[in-house]
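Read off the chains here:
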Amino acid sequence: MSIAIGAHVDQTDPIAEAKARNAPHVQLFLGDPQSYKGPVFRYDGGADALKADAEAAGVGLYVHAPYLINVATTNNRQRIPSRKLLQQHMDAAASIGARGLIVHGGHVQDDDDPAKGFDNWRKAIDATDIKVPLLIENTAGGTNAMTRYLDRIAGVWDAIAATEQFDQVGFCLDTCHAHAGGNPLETIVDDVRKITGRIDLVHGNDSRDEFDTGADRHANLGAGRIDPDLLAAVIRDAGAPVVLETPGGATEHTADTEWLRSRLG
């Protein structure tokens, strides 16, 4: 099966990082993933040079939005800056010709009705000028998370389905997050597709921790707590491009790619 496999890499020279892994695409941050300060282009020559050089090299780019973004929350001091930051990274991703912008689902506060978070997602989609596909990712922890459990994912999708830009919203399935979040991997692909109708990207990660621990700790493929055959089957069945977010650099990512290729057939 021909599934494109890339990795999350340092943002300074993602094209060189892709070549070091013989990868057709890579994922990167634009700036500090723990900051509200906005995107930064660390590639020599900036956004225009990165876009041109990536196109010339045939390297696809995915951008991961900052972890701080939480458009679901009822806390105005977090939600409003989150919407601004989401738009900034959307604009930045478009400027480098990215194939998608990946963002976590966020959460509401412990005593909030999850429906408030669903509606805040609807408002966020309406408020964002979506220029490249916005890929919402499932997350591992939190009892009031928007995309840890399948019913919450369904709530988000039901809420955003009526927005004008809904066709520009996709889903990123993280295998570690699904396992650690308590979702059976035996059925996760079908379960997600029944809700979203699509899987646009896979974050192919093993998990350091056991099922349903809520711990977001990635492991190299075959070195964690997910059954190896099951992990490979999820990625095969999803049939989407893969980004490895596993520990290490080019050597480890190349080994993970070979591990996965040997099991995909």
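The structure this text deals with has already been given above.
Description of the structure in this document. (Residues numbered from 1 in each chain as written. Predicted model: local features only at pLDDT ≥ 70, side-chain atom pairs only at ≥ 80, totals over all residues. Heavy atoms only, no water.)

## Structural notes on the overall build of the protein chain
Part 1 of the reasoning: When its secondary structure is counted, the protein chain shows nine helices and ten strands.
Part 2 of the reasoning: Radius of gyration (C-alpha) of the protein chain: 17 Å, near the 18 Å computed for a compact globule of 265 residues.
Part 3 of the reasoning: Over its C-alpha atoms, taken along the principal directions, the protein chain stretches across nearly 45 × 45 × 30 Å.
Part 4 of the reasoning: For the protein chain, the residues scored as buried account for 54% of the 265 residues in total.
Part 5 of the reasoning: Of the roughly 10900 Å² of accessible surface on the protein chain, 46% is carried by carbon and sulfur atoms.
Part 6 of the reasoning: Within the protein chain, one finds 25 positive and 38 negative side-chain charges whose respective centroids are separated by 4 Å. (Helix = DSSP H or I, 4+ residues; strand = E, 2+ residues; numbered from the N terminus. Rg over C-alpha atoms; globule rule 2.2 N^0.38 Å. Buried < 20%, exposed > 50% of the residue type's maximum accessible area, 1.4 Å probe, protein only. Areas by Shrake-Rupley, 256 points an atom, 1.4 Å probe, with all protein chains shown as cover. Lys, Arg positive; Asp, Glu negative; His and termini not counted. Charge placed at Lys NZ, Arg CZ, Asp CG, Glu CD.)

## Examining the packing of helix H7 (residues 188-196) against helix H8 (residues 228-238)
Part 1 of the reasoning: Where H7 contacts H8, the axes come no closer than 9 Å and their chain directions differ by 35°. Along the contact surface, H7 presents Ile188, Val189 and Arg193, while H8 presents Val234, Asp237 and Ala238.
Part 2 of the reasoning: Among the residues making up the contact of H7 with H8, the classes are represented as four nonpolar, no polar and two charged. (Axes fitted to C-alpha atoms, helices over the stretch in contact; angles between N-to-C directions. Contact = heavy atoms within 4.5 Å. Nonpolar A, V, L, I, M, F, W, Y, C, P; charged D, E, K, R; others polar.)

## Side note on the pairing of strand S6 (residues 169-174)
Part 1 of the reasoning: Most of S6 is tucked away, with six of its six residues classed as buried.
Part 2 of the reasoning: Side chains of S6 alternate between two faces, with Val169, Phe171 and Leu173 and Gly170, Cys172 and Asp174 buried alike.
Part 3 of the reasoning: Where strand S5 (residues 134-137) meets S6, four bridges bridge the pair, whose relative direction is parallel. What sits directly across from Glu137, in S6, is Cys172.
Part 4 of the reasoning: Of the crossover connections in this fold, the one passing from S5 over helix H5 (residues 150-160) to the parallel S6 is right-handed.
Part 5 of the reasoning: In terms of strand pairing, S6 meets strand S7 (residues 201-204) through three bridges, oriented parallel. Considered in S7, the bridge of Leu173 is made with Val202. (Pairing = 2+ DSSP bridges. Right-handed = clockwise from strand over helix to strand, strands pointing away.)

## Considering the packing of aromatic side chains
Part 1 of the reasoning: Evaluated as defined, the whole model comprises two aromatic pairs.
Part 2 of the reasoning: Aromatic side chains Phe29 and Tyr67 sit 5.4 Å apart centroid to centroid with 80° between the ring planes, which places their arrangement in the edge-to-face category. With Phe29 in the loop between strand S2 (25-28) and helix H2 (46-57) and Tyr67 in the loop between strand S3 (60-64) and helix H3 (76-95), this residue pair connects regions lying 38 residues apart in the sequence.
Part 3 of the reasoning: Consider the rings of Trp157 and Phe171, whose centres lie 5.8 Å apart with planes at 70°: the pair is edge-to-face. Of the two residues, Trp157 sits in helix H5 while Phe171 sits in strand S6, which places them 14 residues apart along the sequence.
Part 4 of the reasoning: You can call Trp157 buried: its relative accessible area is 3%. (Phe/Tyr/Trp six-rings, centres within 6.5 Å; stacked < 30°, edge-to-face > 60°.)

This is a description of form; function is not addressed.
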